[in-house]
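Coordinate analysis (summary)
Below, each chain spelled out in residue letters.
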Amino acid sequence: AQKITQTQPGMFVQEKEAVTLDCTYDTSDPSYGLFWYKQPSSGEMIFLIYQGSYDQQNATEGRYSLNFQKARKSANLVISASQLGDSAMYFCAMREGNQGGKLIFGQGTELSVKP
Amino acid sequence: DGGITQSPKYLFRKEGQNVTLSCEQNLNHDAMYWYRQDPGQGLRLIYYSQIVNDFQKGDIAEGYSVSREKKESFPLTVTSAQKNPTAFYLCASSIGVTFTDTIYFGEGSWLTVV
């Protein structure tokens with residue numbers, strides 16, 4: 001079964017608008033971390049934001065915020081005030097407490113920002 | 001500059017050859033990883049190492065080998081046994097292996113079989 005599901009293969013957003021990228025996860029481990037990464041066309045994988053399963057508040061990092069709904073097992077990434085440089089692939093990933101460090105990735109969402 | 005350095009950026013391999021991808025980090029991280037990415041896909045774990053002289057197979061270890069003789073270095077050898085090695089390879093590291101430890105990535109290496 002898929003542990004991380006990103007249902008949006010591609011998304012478009014107008015420059016300066018906000019966009020939400022969806023991510024749902026599946027785990028029975030009470031201890032887990034959720035990560036979002038950005039991969040531009042050059043290939044490098046850039047860490048954006050982290051949310052821990054025990055964190056009470058939603059994580060925020062600059063224009064990035066994570067809408068964490070634990071009961072629904074969702075961890076959506078919200079990008080505010082989109083910029084042209086935000087055009088990239090975005091990956092949601094999870095690390096479970098009992099898996100010795102493995103980071104499991106979703107299939108990714110390709111975001112295109114329109115001027 | 002602190003970070004993870006992968007080399008070479010582009011590598012071509014002939015059928016039947018072994019090739020080695022280099023990965024060096026100066027972040028003083030204990031854990032290191034190798035991931036493979038195929039076009040339009042997410043990443044899949046090949047091998048990981050929690051400490052020096054120790055490593056574990058990931059989900060797609062067949063046809064690959066690694067060593068971890070130094071904390072800073074985690075080279076990946078793609079052997080001739082790997083049937084479809086053409087892919088993008090990403091090395092990564094983290095300070096530890098708990099679920100709160102962020103994994104950071106290098107810039108990747110493109111391997112093409114010719």
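To start, this report covers the structure provided alongside it.

How each quantity is defined
- Residues numbered from 1 in each chain as written.
- Chains lettered and ligands numbered in written order.
- Predicted model: local features only at pLDDT ≥ 70, side-chain atom pairs only at ≥ 80, totals over all residues.
- Heavy atoms only, no water.
- Helix = DSSP H or I, 4+ residues; strand = E, 2+ residues; numbered from the N terminus.
- Rg over C-alpha atoms; globule rule 2.2 N^0.38 Å.
- Buried < 20%, exposed > 50% of the residue type's maximum accessible area, 1.4 Å probe, protein only.
- Contact = heavy atoms within 4.5 Å.
- Areas by Shrake-Rupley, 256 points an atom, 1.4 Å probe, with all protein chains shown as cover.
- Lys, Arg positive; Asp, Glu negative; His and termini not counted.
- Charge placed at Lys NZ, Arg CZ, Asp CG, Glu CD.
- Buried area = accessible area lost by both parts, 1.4 Å probe.
- Salt bridge = Lys/Arg side-chain N within 4 Å of Asp/Glu carboxyl O.
- Polar contact = N/O pair within 3.5 Å; in protein donor to acceptor, adjacent residues only side chain to side chain.
- Phe/Tyr/Trp six-rings, centres within 6.5 Å; stacked < 30°, edge-to-face > 60°.

1. Remarks on the overall build of chain B
Assigned secondary structure in chain B consists of zero helices and eleven strands. Mapped in sequence order, the helices and strands of chain B form the string β-β-β-β-β-β-β-β-β-β-β. For chain B, whose C-alpha radius of gyration is 13 Å, the value lies close to the compact-globule estimate of 13 Å for 114 residues. In terms of overall dimensions, chain B has C-alpha extents of about 40 × 25 × 25 Å along its principal axes. Looking at chain B as a whole, 50% of its 114 residues are labelled buried. Once local pairs closer than 6 in sequence are excluded, the contacts in chain B between residues at least 24 apart make up 52%. Of the accessible surface of chain B, which amounts to about 5,500 Å², a share of 49% is contributed by carbon and sulfur atoms. Distance from the positive charge centre (10 side chains) to the negative charge centre (12 side chains) of chain B: 7 Å.

2. Looking at the interface of chain B and chain A
The partner chain A presents 26 residues to the 27 residues of chain B that form the contact. Both sides together, the interface formed by chain B and chain A hides about 1,900 Å², and carbon and sulfur atoms give 55% of it. In this structure, the connection of chain B to chain A is made through one salt bridge. Between Asp59 of chain B and Lys102 of chain A there is a salt bridge, with the nearest N and O atoms lying 3.4 Å from each other. Linking chain B to chain A there are eight residue pairs in polar contact (both at pLDDT 80 or more). Of all the secondary-structure elements, those providing two or more residues to the side of chain B that touches chain A are strand 4 (31–37), strand 5 (43–49), strand 9 (87–94) and strand 10 (104–105) of chain B.

3. Thoughts on the pattern of salt bridges
Taken as a whole and assessed by the stated rule, the structure comprises seven salt bridges over all chains. The partner of Asp26 of chain A in a salt bridge is Lys73 of chain A, and the shortest N-O contact between them spans 3.9 Å. Here Asp26 of chain A, found in the loop between strand 4 (24–25) and strand 5 (32–39), pairs with Lys73 of chain A, found in the loop between strand 8 (64–69) and strand 9 (74–79); they are 47 residues apart in sequence, far enough to count as distant. Exposure remark for Asp26 of chain A: the relative accessible area of 39% places this residue in the partly exposed category. Since its relative accessible area comes to 29%, Lys73 of chain A is described here as partly exposed. Note that Lys71 of chain B is salt-bridged to Asp30 of chain B, the shortest N-O span being 3.4 Å. One end of the pair, Lys71 of chain B, is in the loop between strand 7 (64–66) and strand 8 (76–78); the other, Asp30 of chain B, is in the loop between strand 3 (19–25) and strand 4, with 41 residues separating them in the sequence. Using a relative accessible area of 34% as the deciding quantity, one classes Asp30 of chain B as partly exposed. Linked through salt bridges whose partners overlap, the residues forming this network are Arg36, Asp38 and Arg44 of chain B.

4. Quick notes on the packing of aromatic side chains
Per the stated rule, a full pass over the model turns up 18 aromatic pairs over all chains. Note on Tyr37 of chain A and Phe105 of chain B: the rings are 5.3 Å apart at their centroids and 90° apart in plane angle, and the pair reads as edge-to-face. Highlighted residues: Tyr37 of chain A in strand 5 and Phe105 of chain B in strand 10, drawn from two different chains. Comparing Tyr37 of chain A with Phe105 of chain B shows no difference in burial state: the two are buried. Where Tyr33 of chain B meets Tyr35 of chain B, the ring centres are 6.5 Å apart and the plane angle is 35°; that geometry is what we call tilted.

5. Details of the side chain of Thr102 of chain B
Residue placement: Thr102 of chain B occurs in the loop between strand 9 and strand 10. The residues touching Thr102 of chain B, leaving out its near neighbours within four places in the chain, are Phe35, Tyr37, Phe47 and Arg95 of chain A together with Ser93 and Ser94 of chain B.

6. Looking at the environment of Glu72 of chain B
Residue and element names in this part refer to chain B. Inspection of the secondary structure assignment puts Glu72 in the loop between strand 7 and strand 8. Take Glu72: its relative accessible area is 36%, and that puts it in the partly exposed class. A sequence separation of 52 residues divides Glu72 from Thr20, and the C-alpha atoms of the two residues are 16 Å apart. Excluding anything up to four places from it in sequence, Glu72 contacts Cys23, Glu24, Gln25 and Met32.

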